[in-house]
Amino acid sequence: MAIIINIDVMLARRKMSSGELAEKMGITPANLSILKNGKAKAMRITTLDALCRSLDCQPGDLLEYKPDSGT
């Protein structure tokens, strides 16, 4: 996928665990894992808002575009 979600990077910068982030956001650790591993096909704006609020960051800190190889 061309869109990379850098949740792990922000977690490391904030010295926060995945479980702590999931609790702050009010989602299950399993759903956070789907987001972190790039398995999600879509993300609600409210989820992006919760991520930014919980990690004290901007959407651009979490999202990155890298063209697919071979295109």
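Before going into details, it helps to say that this report is about the structure given with it. Treat the numbers as computed from the prediction; the structure is a model and nothing was measured.

So, about helix 1 (residues 7–14). One full turn of an α-helix is made of 3.6 residues, so residues set three or four places apart face in the same direction. Regarding helix 1, the residues found buried are Ile7, Met10 and Leu11. Seen along its axis, helix 1 keeps its buried residues to an arc of 105°; they face one direction. Exposed residues on helix 1 whose side chains face more than 90 degrees from its buried face are Ala12 and Arg13. Among the structural elements, strand 1 (3–5), helix 2 (18–25), helix 3 (29–36), helix 4 (45–55) and helix 5 (59–62) are those in contact with the buried residues of helix 1.

Moving on: the nonpolar core. Core analysis: the largest hydrophobic core is formed by 17 residues, its most contacted members being Ile7, Leu21, Leu32, Leu51, Leu55 and Leu62. Within the residue set of this core, elements represented by two or more residues are helix 1, helix 2, helix 3 and helix 4. Per-element accounting of this core gives the leading share, 5 residues, to helix 4. Apart from the residues lying within four places of it in its own chain, the contact partners of isoleucine 7 are Leu21, Leu32, Leu35, Lys36, Leu51 and Leu62.

Conventions adopted
- Residues numbered from 1 in each chain as written.
- Predicted model: local features only at pLDDT ≥ 70, side-chain atom pairs only at ≥ 80, totals over all residues.
- Heavy atoms only, no water.
- Buried < 20%, exposed > 50% of the residue type's maximum accessible area, 1.4 Å probe, protein only.
- Helix = DSSP H or I, 4+ residues; strand = E, 2+ residues; numbered from the N terminus.
- Arc of directions from axis to C-beta.
- Contact = heavy atoms within 4.5 Å.
- Core = buried A, V, L, I, M, F, W, Y, C linked by side-chain atoms within 4.5 Å.

In short, shape yes, function no, at least from these values alone.
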